[in-house]
Amino acid sequence: MGSYILKRLISAVPVLFGITVIVFLIMSMIPGDPATAILGSYATPENVEKLNRDLGLDKPLVQRYFIWLENMLTGDFGRSFSLNRPVLDEILERFSATLVLAGTSFVLCAILGILAGAISAARQYGLADKLITLVVLIGISIPSFFLGMMMILIFAVKLKWLPVSGMYAIYGGGDLPDLINHLIMPASALAAVATGVVARMSRSAMLEVLRQDYIRTARAKGVRERRVLMGHALRAAMVSIIPVLGIQAGFVLSGAVYIEMVFQWPGVGRMLVDAILKRDLLLVQGGVVFVAACYVLFNIAVDVAQSLLDPRIKT
Amino acid sequence: MTFLRLLFRNRLAGLGAVILGIIIILVTITPLLPLPDPNATATANRFLRPFSEGHLLGTDHLGRDILARLLYGTRISLAIGLVSAFFAALFGSAIGIIAGYFGGRIDNVIMRLIDMLMAFPYILLALAIVAALGPGLMNALIAVAAVNVPFFARNIRGITVSLAGREFIDAARLAGLGHTRIILSELLPNVLPVIVIGISTTVGWMILETAGLSFLGLGSQPPNADLGSMLGEARAALITAPHTSIIPGIMIFLIVMSINLLGDGVRDALDPRLKSGALTRPRATTRVDRKGPVPQADQKGLLNIQSLETQFHVGPRIYRAVNEVSLHVSAGECLGIIGESGSGKSVTALSVMGLVASPPGVITGGAVRYDGEDLLDASYERLRQKRGNNVAYIFQDPLATLHPLYKIGDQLVEAIQSHNNTSTKEARTKALELLKSVRIPNAPERLDNYPHEMSGGMRQRVGIAMALANDPEVIIADEPTTALDVTVQAQILTLLDDLRRERGLAIIFITHDFGVVAQLCDRVAVMYAGRIVEEGQTKAVLDAPAHPYTKRLIACVPELGGGRRELAAIPGLPPVVDRLPEGCAFAARCDKAQDACHRGYIPLNGHAPRAVRCLFPEEVV
């Protein structure tokens, strides 16, 4: 197992490398002079030249890339001019907030989605199946930012059950119950679409598995139906559900950008949008590379989980 | 046409089509409607509620008419979504076709690049592009299209690779056509449907994604607004004027939902598996719906199948897989059921414990008595307690019939614990004994093996061990040796025979091989097209087959050493059991058939245990 993890980590190196190249190339597509873009059109030529030198923009493209890469590898993501602090510090702080939100949503969508899908398959064409299918259809069609806004209207404004936005209460609070209170709405709004997709996939994976010969064997042995469904069938279906979970993690991470805007969550997505609007390109560049790298590592974890689940995968 | 009919038979897809149709008509005629200018501000009329004078849906924070903005916004959103879907499909498909058609290094480099693009959570890539190009509707469109290129590239490459190896492409190459010609005239027409399906499944997403970017303020810029930026601008007044948010939100929801519904309908209509209902879940037991009276109990054997009728109901078709089959087996006895594939022998066997997949299987008549008790009448729990405990099964292909993800030790333990309250430790000891009793070498280590780690013969031994787990009285072996090679086959048969003698098991042995029947069975029943056509003591049937079909079937068995007899295949195919001919089902393939063979019902005649269903039998029985 250790060697398998190592092998996967090594195979991720070129992907991580490619990510930095792609991000760098996209960022160098900026029309015109970045320094002018940052400083605005009223900047003096001296200031523009100085900033260009500070940013290393006077050097050729390839050299600039390797300087940037080398700095990143030593933990220097540059300095955000709009926040006037090191990019990495800001990213780490913001990413931990995103991780709380997206992580919770991911766990929610995995558990609820698989459960709903399994129940739906077990009760195919029954009332529960039809109900779940309907809810799933609404879930995957509603934009998460709209769902979030509607949740605020209902649960925060009308019913006053939950706080409108933010991660912690401004006065007092700051403890775990406070965090959970603030987390419920954004996490469920973010999880809605992914839950729907996971539920759908789980349902069809279960239906596919339930037709297999080994399910008939389990029944022929006299295994109780509940165990046939939630043991034999679900276990086998997980093999095709887990890759879907890996993909959905990407969607949850993406959706977090919207949800962070709606709920004023101090995460990395809101940071990126603010940075784009302020043309703080180093912050965008660093943030995108950092989050993408984390996602790559997460996908390796998914592969490892898959190999633990399925003994047929050669490790 | 059938496609459209299937699509609209799906009521939800029809609903989607109607909603989407209305929206598209509305936005097409929008410029003709008597609407106020969507960008005309009137700060005195801010936040008017819906159904206000002159403003059907009210006004927004600048006093602009929401209905007008909604319709113009929907126009923009739909157009942007469609255009980005088009460009994503165009570039993605081009890349995919080039990679798949040329293969080799080109393919490798391109697909590596695509993999890297797919390593990003999609929005990061979109944000990076917008960050570089600056906020704006066009740039959002470019970002969303670019992000979806890898999806098309990967799918289309897969299709192209499979097409590029086909004969017609080779033929075009040999004809001297250039690469461009081949791609455009031979490949593209075949790939196009896949591209269209790809667009139909992603366009909803793309509308949502561009709306999302606009919502973040990175897409369409004021004063113009698509649905996303309407929602984004309204967010500030969410609490005071919720209708300004709710209206565009519901519009996005309706668009995406109707596209999703339509897309599902398209997929279902195109997926032939769903048409035949094959994706329905088999129930825990076969449905029993007996039309006629239940046969009276008689004292034949331990397991007694009486006039069993099992059918498959697929749409309007009824396949009579098992037709009035009566069989019985006593302790220590081995009964063979023989026939070609599709003759109903496996379905007969599976009907005993209600294991026929249902739907589509239905047991429509007869009785299955175990020790006098009618199993077709038993509750699920009663049947479950008998499964594996009294009547156990051995199936054909042990790679498919053993659970691939459980260790075989655990599968054995589960079989034991399903019927006994033994501790796992005790059950494991029993499992070990079972593996030894079926002569598996290194049994203790084998317990921790997965099925794929064993050979076919070893797996079938595990299958037998599992059948023996609860010391059943009856074992039903459904072609247990068909998937094995001949030497292993002989070992398994010897093993079964020994077990029968040691434990006094009653065995029903299903096979298509008379050689196997001769080796193992006391009695044999020959099935054809769902009916028993001949039965009797194995020796009697083998020595003097009475039904022409049996005779031909025996002639199919090669003879070792002798070689005097001609080995003959039976010409023709068995009839399809949803359209059984009148009279004898074999008549069409029988060289002795006469007019009478094609008429009426031909009964099973003879003196027990010998009987034949033939008007002109080869031997009198």
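Residues numbered from 1 in each chain as written. Chains lettered and ligands numbered in written order. Predicted model: local features only at pLDDT ≥ 70, side-chain atom pairs only at ≥ 80, totals over all residues.

- As annotated in an unreviewed UniProt entry, chain B is Peptide/nickel transport system permease protein from Celeribacter halophilus.

- If you look chain A up in an unreviewed UniProt entry, it shows as Peptide/nickel transport system permease protein from Celeribacter halophilus.
- On record in UniProt, under Sequence similarities (unreviewed entry), the comment for chain A is "Belongs to the binding-protein-dependent transport system permease family." (UniProt positions renumbered as here; feature names shortened; annotations may be inferred.)

## Points about the UniProt feature "domain: ABC transmembrane type-1" (unreviewed entry) in chain B
- UniProt records the feature "domain: ABC transmembrane type-1" (unreviewed entry) at residues 74-263 of chain B, using the numbering of this structure.
- Helix makes up 83% of residues 74-263 of chain B and strand 0%, whereas the separation of the span's terminal C-alpha atoms amounts to 20 Å. (Helix = DSSP H or I, 4+ residues; strand = E, 2+ residues; numbered from the N terminus.)

## Concerning the UniProt feature "domain: ABC transporter" (unreviewed entry) in chain B
- Under the UniProt annotation, "domain: ABC transporter" (unreviewed entry) lies at residues 303-554 of chain B.
- Counting secondary structure, residues 303-554 of chain B comes out at 39% helix and 28% strand; the distance between its end C-alpha atoms is 27 Å.

## Comments concerning the UniProt feature "transmembrane region" (unreviewed entry) in chain A
All names here are of chain A.
- In the numbering adopted here, UniProt assigns the feature "transmembrane region" (unreviewed entry) to residues 12-30, 95-119, 131-159, 179-199, 236-261 and 281-302.
- Along residues 131-159 the backbone is 90% helical and 0% strand, and the end-to-end C-alpha distance reaches 25 Å.
- Helix and strand shares over residues 179-199 are 100% and 0% respectively, and the end C-alpha atoms of the span are 28 Å apart.

## Thoughts on the pairing of strand 2 (residues 303-314) of chain B
Residue and element names in this part refer to chain B.
- In terms of residue burial, strand 2 counts as a mostly covered element, since nine of its twelve residues are buried.
- Between strand 2 and the antiparallel strand that follows it, strand 3 (residues 317-329), lie two residues; G315 among them carries a positive phi value of about 55 degrees.
- Both strand 2 and strand 5 (residues 361-370) contribute to a ladder of eight bridges, which runs antiparallel. Within strand 5, the residue paired with N304 across the bridge is R369. (Buried ≥ 20, exposed ≤ 12 C-beta atoms within 10 Å, placed from the backbone. Pairing = 2+ DSSP bridges.)

## Re the interface of chain B and chain A
- Chain B puts 63 residues into the contact, and the matching count from chain A is 60 residues.
- Residue assignment for the side of chain B that touches chain A shows that the elements contributing at least two residues are helix 4 (104-118), helix 5 (122-133), helix 8 (179-215), helix 10 (243-270), helix 13 (380-386), helix 14 (398-401) and helix 15 (408-417) of chain B.
- In terms of residue count, helix 5 of chain B provides more of the side of chain B that touches chain A than any other element does, ten residues in total.
- Its residues assigned to classes, the side of chain B that touches chain A comprises 42 nonpolar, 14 polar and seven charged. (Contact = placed C-beta atoms within 7 Å. Nonpolar A, V, L, I, M, F, W, Y, C, P; charged D, E, K, R; others polar.)

## A closer look at the nonpolar core
- Grouped together as the largest cluster of nonpolar side chains are 262 residues, with contacts concentrated most on A126 and A128 of chain B.
- It is helix 10 (residues 225-262) of chain A that contributes the most residues to this core, 20 residues altogether.
- Those residues in contact with A128 of chain B that sit more than four places away from it in its chain are V23, I26, M27, V284 and V288 of chain A. (Core = buried A, V, L, I, M, F, W, Y, C linked by C-beta atoms within 7 Å.)

## Things to note about the domain arrangement of chain A
Residues and elements named next belong to chain A.
- Here the domain parsing of chain A yields domain 1 (13-87) and domain 2 (88-313).
- Taking only C-alpha atoms into account, the centre of domain 1 sits 34 Å from that of domain 2.
- With 20 residues of domain 1 at the contact, the number on the domain 2 side is 18 residues.
- At the level of elements, helix 1 (2-27), helix 2 (34-39), strand 1 (79-80) and strand 2 (85-86) are the ones that each hand at least two residues to the side of domain 1 that touches domain 2. (Domains from an automatic or database assignment.)

## Observations concerning the packing of helix 5 (residues 87-122) of chain A against helix 10 of chain A
Residues and elements named next belong to chain A.
- Contact geometry for helix 5 and helix 10: axes closest at 8 Å, N-to-C directions at 145 degrees. Taken as a pair, helix 5 and helix 10 cross one another with a handedness that is right-handed. Residue-level contacts link T98, L101, A102, S105, F106, C109, A110, I114, A118 and A122 of helix 5 to L229, M230, L234, I241, L245, Q248, A249, V252, L253, A256 and I259 of helix 10.
- Partitioned by chemical class, the residues of the contact of helix 5 with helix 10 number 18 nonpolar, three polar and no charged. (Axes fitted to C-alpha atoms, helices over the stretch in contact; angles between N-to-C directions. Left-handed = near helix turned anticlockwise from the far one by under 90°.)

## Points about the confidence of the model for chain A
- Looking at chain A as a whole, the pLDDT averages 88, with 95% of positions reaching at least 70.
- Confidence scores differ between elements of chain A, with helix 2 of chain A showing the lowest mean pLDDT of 68 and helix 5 of chain A the highest of 94. (pLDDT = per-residue confidence, 0-100.)

## Observations regarding unusual backbone geometry
Residue and element names in this part refer to chain B.
- Cis geometry is adopted by the peptide bond preceding P223, which originates at P222 and carries an omega value of 5 degrees.
- Topologically, P223 is positioned in the loop between helix 8 and helix 9 (227-234).
- A cis amide bond, omega 0 degrees, links S358 with the succeeding residue P359.
- Within the secondary structure, P359 sits in the loop between helix 12 (345-352) and strand 5.
- Unusually for a residue other than glycine, S307 sits at a positive phi of about 40 degrees.
- Note that S307 resides in strand 2.
- Although it is not a glycine, D471 adopts a positive phi angle of roughly 45 degrees.

## Details of the environment of E208 of chain A
- Residue position: E208 of chain A is located in helix 8 (residues 176-210).
- The class for E208 of chain A is partly exposed, based on 17 C-beta atoms found within 10 Å.

## Notes on the sheet that holds strand 4 (residues 334-338) of chain B
Residue and element names in this part refer to chain B.
- Taking strand neighbours across the sheet as the criterion, the seven strands line up as 7-8-9-4-10-11-12 in an open arrangement whose pairing is mixed. At either end of the open sheet lies a strand with only one pairing partner, and these are strand 7 (391-394) and strand 12 (611-612).
- Together, strand 4, strand 10 (523-528) and strand 11 (531-537) form the strand contacts of helix 22 (residues 548-555), whose direction differs from that of strand 10 by roughly 105 degrees.

## Examining the environment of A585 of chain B
Residues and elements named next belong to chain B.
- Residue placement: A585 occurs in the loop between helix 22 and strand 12.
- Residues A585 and C597, spaced twelve residues apart in sequence, show a C-alpha to C-alpha distance of 8.8 Å.
- With residues near it in sequence (within four places) discarded, A585 still touches Y528, A529, R531, P575 and L580.

## Re the environment of G263 of chain B
Residues and elements named next belong to chain B.
- Positionally, G263 belongs in helix 10.
- A count of 19 C-beta atoms within 10 Å places G263 in the partly exposed class.
- The residues contacting G263, other than those within four sequence positions of it, are S200, T201 and G204.

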